Amino acid sequence: MKKILIAFSIAIFITSCSSYKKTLKKQTDPILSSTFYQNQFTGLLVFDPENRDTLYAYQSKKYFTPASNTKIFTLFASLQLLPDKVPTLKYWQQGKKLYVQGTGDPAALHPYFKDSTALNFLKGHANIELDLNNLEGEKLGQGWAWDDYDYYYQPEMTPMPLYGNVVSISRTKVIPEFFKGNIVRNWHRRNRDLEKNTFYVAPSRRDTVEIPYRTDSVLTKKLLEAALNKNISLGKPAYTPKKETLYGIPTDSLYVRMMHESDNFIAEQLLILASSTLSDTLSGKKARDYVLENYLQDLRQAPRWVDGSGLSRYNLFTPEAMVNVLDKLYQSMARKRLFAIFPENGVSGTLKGWDYDGGVPKLYAKSGSLSNNYCLSGYLITRSGKTLIFSFMNNHYRQPTSEVKKRMQQVLRQVVETY
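Figured I'd write up the structure that's included with this text.

## Details of the sheet that holds strand E4 (residues 97-102)
Then, number 1: Strand order in the open sheet made by the 5 strands is E11-E5-E4-E3-E12, with mixed pairing throughout. Taken across any chain shown, the strands that pair with only one partner, and hence form the sheet edges, are strand E11 (233-234) and strand E12 (244-250).
Then, number 2: Note: strand E3 (residues 85-94) against E4, 6 bridges, orientation antiparallel. Within the sheet, the bridge partner assigned to glutamine 93 lies in E4 and is leucine 98.
Then, number 3: Most of the contacts of helix H5 (residues 251-261) go to E12, to which it runs at about 50 degrees, and overall it touches E3 and E12.

Dropping the structure here:
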């Protein structure tokens, strides 16, 4: 009798699941096949991580430009390779000289983090030599828009970033002060000259503007000297013994900032930072390749993953691959920690404006936007309290993004009401 009851319960469960899927398909198919979607590309996958069941799939195996949804993969890579605290410097001592290598740590003197871990450590040493020759690759990523060089969201990548590799300019203050004489208070069509650090700010501007500065080893040395108030040298020692590592702020603080504010600089530097745990040579590509080969080899559609931030239109990911990685995070992390890292709709980060009547449904998700592209992937809490994983990707549309979001909300609300 007991076996019969169990079999009967299972049969009812399977039947109800099938009924829910049919209901969701009947509600959602007409939306995604409407004239609104005729001239764009859209993919959607909704997955139940507890029952391991695909609830809805629409072009989920096709490749899309993910924009900042790429940061979900960067988060995954960082969680696999980085310790709980940021490796902020590598160093070794020979005689009275302290040799220092950057690890790519983005927090040093950053305008948001204001982390002085490296600075305080270096203040205790009189004879310092910097090795800044350990980064492979270009300062700007593959496929980035060259004419965005002077916008806050596209700073250069370096082995030892300082101040977030941007100059913060307000009416009364310039950080770092080193650039105070490089500010021109005049209207100009660009924020900065292409090849040199001359910055332009309209006299009428009252908010704080952040402008990437053009980096090089000599400038990094000068900025560090100004912060330390002492001379340091540049070099590349012929002999390098085993290095020690200086640790700084909790890595979760970087993850939250990257995901909530969609911070491109932190995303790029996190992959460089992650590579510092693999070898002394820093390379975002090395970190990406290592994670794909060792942690994501089971993805059915291998992504084309070329940067950490999603600025590049060369990136190609499928909704299915995105859900796969979100599921790996969900299965391996405490729910409270995981959901704190992701923006919450109506509450935080880039989803603060994504609200629903009565706060239902609840989303913990990462948005991604480029011109004519908007994607959203993450976790959806249904009205019954069930957690679902989804990836909703829209590419190459010509309608206003607000209209695209409106239809996405309609579909997600249907998922919530069905389950």
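There's more to say after this.
## What about the pairing of strand E13 (residues 362-370)?
Successive residues of a regular strand alternate their side chains across the two faces of the sheet.
Then, number 1: Burial of E13 is extensive: 8 of the 9 residues sit out of reach of the surface.
Then, number 2: Note: E13 against strand E14 (residues 373-381), 9 bridges, orientation antiparallel. Within E14, the residue paired with lysine 366 across the bridge is serine 377.

## Re the nonpolar core
Then, number 1: Counting residues in each nonpolar core, the largest one holds 50 residues, and the members touching the most others are Phe73, Leu75, Leu254, Leu329, Phe342 and Tyr379.
Then, number 2: Membership of the second largest hydrophobic core comes to 32 residues, among which are Tyr163, Ile183, Leu223 and Leu246.

## Considerations on the pattern of salt bridges
Then, number 1: Enumeration according to the criterion identifies 22 salt bridges in this entry.
Then, number 2: Linking arginine 257 and aspartate 263 is a salt bridge whose minimum nitrogen-to-oxygen distance equals 3.9 Å.
Then, number 3: Judged by relative accessible area, which is 14%, aspartate 263 ranks as buried.
Then, number 4: Glutamate 403 is the partner of lysine 406 in a salt bridge, and the nearest nitrogen-oxygen pair spans 3.3 Å. Of the two residues, lysine 406 and glutamate 403 both sit in helix H10 (residues 401-418), 3 residues apart, roughly one turn of that helix.
Then, number 5: Among the residues examined, glutamate 403 registers a relative accessible area of 24% and is labelled partly exposed.
Then, number 6: One network of salt bridges, in which partners are shared, links Lys61, Arg300 and Glu320.

## So, the pairing of strand E15 (residues 387-395)
Then, number 1: When you tally the buried positions in E15, you get 9 out of 9 residues, the bulk of the element.
Then, number 2: Inspection of the sheet shows strand E1 (residues 41-48) paired to E15 by 7 bridges, in the antiparallel sense. Each bridged residue has a counterpart across the sheet, and for valine 46 the counterpart in E15 is phenylalanine 390.
Then, number 3: Judged from the 9 bridges that link them, E14 and E15 form a sheet pairing that is antiparallel. Among the inter-strand pairings, leucine 380 is bridged to a residue of E15, identified as leucine 388.
Then, number 4: Hairpin connection between E14 and E15: a loop of 5 residues separates the two successive antiparallel strands, and glycine 385 in this loop has a positive phi of roughly 95 degrees.

## Brief notes about helix H8 (residues 319-332)
Then, number 1: Taking 1.5 Å of rise per residue, the 14 residues of H8 would be expected to cover 20 Å, and the 20 Å separating its terminal C-alpha atoms lies within 8% of that figure.
Then, number 2: Most of H8 is tucked away, with 10 of its 14 residues classed as buried.
Then, number 3: Within H8, burial applies to Pro319, Glu320, Ala321, Met322, Val323, Val325, Leu326, Asp327, Leu329 and Tyr330.

## Overview of the packing of H5 against helix H6 (residues 264-275)
Then, number 1: Interhelical geometry of H5 versus H6 gives an angle of 145 degrees and a closest axis separation of 9 Å. The segment H5 lies against H6, with Leu254, Tyr255, Arg257 and Met258 engaging Ile266, Ala267, Leu270 and Leu273.
Then, number 2: Its residues assigned to classes, the contact of H5 with H6 comprises 7 nonpolar, no polar and 1 charged.

## Quick notes on empty space enclosed by the protein
Then, number 1: A full pass over the atoms with the stated rule returns 1 cavity of 30 Å³ or more.
Then, number 2: Contributing to the lining of the largest cavity are 19 residues, with Leu89, Ala108, Ala118, Met160 and Leu162 lying nearest its centre.
Then, number 3: Mapped onto the lining of the largest cavity, the elements with two or more residues apiece are E3 and helix H3 (117-123).
Then, number 4: Of all the elements, H3 adds the most residues to the lining of the largest cavity, at 4 residues.
Then, number 5: A per-class count over the lining of the largest cavity returns 11 nonpolar, 6 polar and 2 charged.

## Considering the layout of surface pockets
Then, number 1: Volume-wise, the largest pocket comes out at about 770 Å³.
Then, number 2: The set of elements that each furnish at least two residues to the lining of the largest pocket consists of H5, H6 and E13.
Then, number 3: Looking at the lining of the largest pocket, the element that brings in the most residues is E13, giving 5 residues.
Then, number 4: In this structure, the second largest pocket occupies an estimated 350 Å³ of space.
Then, number 5: Forming the boundary of the second largest pocket are 19 residues, of which Gly137, Glu138, Lys285, Arg288 and Val306 lie nearest the centre.

## Notes on the sheet that holds E15
Then, number 1: Reading across from one edge, E2-E1-E15-E14-E13 is the order of the 5 strands in this open sheet, with antiparallel pairing throughout. This sheet does not close on itself; its edge strands, each paired only once, are strand E2 (53-58) and E13. Neighbour-to-neighbour, the strand axes of the sheet open up by a mean angle of 10 degrees, direction not taken into account.
Then, number 2: Against the sheet, H10 engages E1, E13, E14 and E15, with an angle of about 25 degrees to E14.

## Concerning the side chain of asparagine 395
Then, number 1: You can see asparagine 395 is positioned in strand E15.
Then, number 2: A relative accessible area of 2% means that asparagine 395 is categorised as buried.
Then, number 3: A polar contact of 2.6 Å, which involves the side chain of asparagine 395, links it to the backbone nitrogen of threonine 65.
Then, number 4: At 2.8 Å, the side chain of asparagine 395 and the side chain of asparagine 373 are in polar contact.

Calculation notes
- Residue numbers here run from 1 along each chain, matching the order of that chain's written sequence.
- Reporting of local features is limited, given that this is a predicted model, to residues whose pLDDT is at least 70; pairs of side-chain atoms are given and counted only at 80 or more, and all residues count toward the totals for whole chains, interfaces and linings.
- Hydrogens and water molecules were not included; the side-chain quantities draw on all heavy atoms of the structure.
- In this analysis, strands are considered paired if DSSP registers two or more bridges between them.
- Numbering goes from the N terminus for both helices and strands, where a helix is a DSSP run of H or I of at least four residues and a strand is a run of E of at least two.
- Contact definition: two residues touch when any of their heavy atoms are within 4.5 Å.
- Axis definition: a line fit to C-alpha positions, over the contact stretch in the case of helices; interaxial angles, taken between N-to-C directions, run 0 to 180 degrees.
- Accessibility here uses a 1.4 Å probe with only protein chains present; expressed as a share of the type maximum, an area under 20% marks a residue as buried, one over 50% as exposed, and anything in between as partly exposed.
- Buried Ala, Val, Leu, Ile, Met, Phe, Trp, Tyr and Cys residues that are joined via side-chain atoms within 4.5 Å together make up what is termed a nonpolar core.
- By salt bridge we mean one thing: a side-chain nitrogen of Lys or Arg within 4 Å of a carboxyl oxygen of Asp or Glu.
- One less than the number of residues in a helix, times 1.5 Å, gives the span that helix is expected to have.
- Here the nonpolar group is Ala, Val, Leu, Ile, Met, Phe, Trp, Tyr, Cys and Pro; Asp, Glu, Lys and Arg are the charged ones; every other residue, Gly included, is treated as polar.
- Cavities and pockets are found on a 1 Å grid laid over the protein atoms alone: a cavity is a set of points where a 1.4 Å probe fits but cannot escape, a pocket is an open set with protein on both sides within 12 Å along at least five of seven lines, and a lining residue has an atom within 4 Å of such a point.
- Grid points are joined across faces, edges and corners, and a volume is the space filled by probe spheres set on the points.
- N or O atoms within 3.5 Å of each other form a polar contact, as long as, within protein, one can give a hydrogen and the other can take it, and as long as residues adjacent in sequence are counted only when both atoms are side-chain atoms.

These figures come from the coordinates and say nothing about function on their own.
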